[in-house]
Every structure is written in structure tokens, then in C-alpha cells.
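What follows is the residue order along each chain.
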Amino acid sequence: MMLQARLEEAISHMGWVRIPEIIHHHAEEAAAQNISYLEFLDKLLQEEIKAKRDRFIRMKTRLAHLPYHKTLEQFDFSFQPSIDERRIRDLATLRFVQQQENLILLGPPGVGKTHLSVALALEAIKQGFTVYFTTAHDLVQTLQIAHQNNSIKQKMRVFIKPNVLIIDEIGYRKMDETAAHFFFQIISERYESGSIILTSNKSYGSWGEIFGDAVLATAILDRLLHHSHTINIKGESYRIKEKKKAGFFRTESIDDKTE
Ligand code: ADP
Ligand code: MG
């Protein structure tokens with residue numbers, strides 16, 4: 001009993017989370033199967049390390065604000081032949097994140113831009129990188145509010161600090177002058193210091209329109225594209241395919257904002 005109490009105290013002192021759940025089972029097993037002391041200790045510690053790692057990943061994933069959790073394994077490359085699977089697998093090594101390069105996914109709605117960003121984000125988190133996901137619209141709105149509240153410096157850090165910043169859906173709405181200015185600042189601050197994954201339904205040619213200013217759009221693109229990879233997806237929307245399959249496809253029922 002004294003031993004039991006002392007063990008419990010030591011375990012809580014060490015901040016172990018998994019060992020208290022498994023120690024008795026493993027101790028019985030070790031006794032029954034003649035497992036060596038070192039092997040017993042090794043088993044406990046390995047399980048503890050795994051549990052801590054899982055907890056850490058779960059926390060980092062929560063902080064990343066991903067809109068949904070989907071992996072590369074869930075991505076059907078055969079449905080989207082314009083995507084070179086090897087290139088995506090290569091990007092999934094996260095060398096581009098290590099080298100602070102950017103990734104731009106272009107293409108019409110529903111072709112998997114957000115899915116691929118999320119999948120790469122989950123890989124990045126697994127490898128220990130920090131990630132933050134935002135839509136272009138939320139990014140700009142957050143910064144505008146922060147600007148009004150005099151907290152722009154702190155807010156900017158949220159978008160500058162992570163190893164990977166995902167800016168989803170550039171081009172669905174045009175930006176006004178202040179918004180475009182904030183956007184430019186984020187891109188400049190992250191230039192050669194952190195990766196950006198960006199998705200857009202507009203090709204580079206029409207970015208002048210998005211930012212309402214051709215000169216600013218050029219400055220943004222200049223920094224963004226300097227060290228970057230572009231994936232141009234041309235194909236059918238996966239959402240529409242699913243609707244067709246479900247048998248309730250009607251042109252007027254396609255609502256891209258249902259995700
Ligand atoms: P968008 O290009 O508009 O960002 P999404 O990545 O959000 O499109 O894809 C829309 C939906 O279809 C998501 O639920 C996504 O997981 C799914 N999806 C898209 N393409 C594929 C694919 N090739 N294989 C599996 N699921 C896909
Ligand atoms: Mg999307």
C-alpha cells in the first residue's frame with residue numbers, strides 16, 4: 001500500500017499521463033510472462049512518449065483552426081488527373097516548409113484545393129511545424145477589427161508566427177484599399193521567413209482586380225511567387241460528382257458555399 005501511494009505520487013510528480021493507466025496491467029503481464037525489468041520499463045516509457053506526442057499533435061491541430069480534417073489518403077487522385085500525384089507526395093515531405101517556400105493552389109470550386117491544403121497542414125503538424133488556417137476574408141476582417149482596436153501588432157503575429165499560414169479562397173471577394181494593404185503586409189512579413197499555402201479560384205492575371213490595384217497586386221505576387229510552387233487544377237468539382245451520384249443533381253442547386 002505504501003509502495004502504491006508512493007508510485008502514484010511519483011507518477012503525478014513526473015506529469016505522466018499514460019503510465020498510470022497501464023502500469024498495473026503491464027506489471028501483471030511482466031510477472032506472468034517473465035518479462036525483464038528493463039523491457040517492462042521500456043514498454044511503459046514508450047507508451048508514455050506516444051501518448052504525449054499524440055496529445056501534442058491534437059493540441060497543435062486544434063490551434064491550426066482547420067475547417068475540416070482530411071488526409072492525402074482520402075484524396076482520390078484518379079478523379080482529378082490534372083493533379084500530378086508525385087508532385088503532391090513530394091510536397092508532403094514538407095521540404096518546401098523547411099525552405100520557407102510557398103504553395104499556391106489554383107482552380108475552380110470543388111476541385112480539392114482546401115482538401116489538399118488541409119492534408120498538407122496535417123502532415124506539417126505531425127512533423128512538428130505550427131500551422132494556422134484562415135480564409136482571405138477572415139484574415140482581412142480580423143486585421144481590420146484589430147486596427148480599429150489598436151491591437152494590430154498582436155493580431156499580425158497570429159498570421160506571421162506559424163511555420164505555415166494557409167490563406168484560403170483568395171478572389172471570392174474583392175478587397176478594398178485597407179484590406180489589400182494589410183494583406184500585402186502579411187505577405188511581406190512572411191517573405192523568406194515562413195511558408196504560405198494559398199488557394200484561389202482566380203488566375204494570376206486577374207489578381208489586379210482582387211486587390212483593386214495592379215501595382216500592389218504585382219508587389220504581392222512578386223514576393224509570393226519568388227520561392228514558390230504552383231499547382232493548377234483543371235477539372236470537375238468533386239462536390240458536383242457526389243451530387244450527381246446521389247441523384248439529386250440540378251444545376252441551380254449547386255451551392256459552392258455549402259462546405
Ligand atoms: P475547393 O477546391 O473548392 O477548396 P475542396 O477541397 O473543399 O474544394 O473539396 C470539396 C469537397 O470535395 C471536400 O469535401 C473534399 O474533401 C472533396 N474532394 C475534392 N476533391 C476530392 C478528391 N479528388 N478526392 C476526394 N475528395 C475530394
Ligand atoms: Mg475551398
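Treat the numbers as computed from the prediction; the structure is a model and nothing was measured.

Caption draft 1: Representation of the nonpolar core in the model. Core analysis: the largest hydrophobic core is formed by 32 residues, its most contacted members being L66, I88, L103, L116, V131, I166 and I197. Listed by contribution, the elements that provide at least two residues to this core are helix 4 (85–91), helix 5 (95–98), strand 1 (102–106), helix 6 (113–126), strand 2 (131–135) and strand 3 (164–170). Counting residues per element, this core draws most heavily on helix 6, at 8 residues. If near-sequence neighbours (up to four positions away) are discounted, L103 is found in contact with L91, F96, L120, I196, I197, L198, H229 and I231.

Caption draft 2: Structural context of the site of ligand 1. Near ligand 1 you find 15 residues, and of these K70, D76, G110, T114 and H115 are the closest. Measuring from an oxygen atom of ligand 1, one finds a backbone N or O atom of K113 at 2.8 Å. Taking R239, its side chain carries an N or O atom lying 3.3 Å from an oxygen atom of ligand 1. Going through the elements one at a time, helix 6 and helix 12 (238–246) are the ones with two or more residues in the shell around ligand 1. The leading source of residues in the shell around ligand 1 is helix 6, at 3 residues.

Caption draft 3: The environment of P162, seen in detail. For P162, the position within the fold is in the loop between helix 8 (152–160) and strand 3. In sequence terms P162 and T130 are 32 residues apart; their C-alpha atoms lie 5.0 Å from each other. Excluding anything up to four places from it in sequence, P162 contacts T130, V131, Y132, R157 and R190.

Conventions used here
Residues numbered from 1 in each chain as written. Chains lettered and ligands numbered in written order. Predicted model: local features only at pLDDT ≥ 70, side-chain atom pairs only at ≥ 80, totals over all residues. Heavy atoms only, no water. Core = buried A, V, L, I, M, F, W, Y, C linked by side-chain atoms within 4.5 Å. Buried < 20%, exposed > 50% of the residue type's maximum accessible area, 1.4 Å probe, protein only. Helix = DSSP H or I, 4+ residues; strand = E, 2+ residues; numbered from the N terminus. Contact = heavy atoms within 4.5 Å. Near = heavy atom within 4 Å. Polar contact = N/O pair within 3.5 Å; in protein donor to acceptor, adjacent residues only side chain to side chain.

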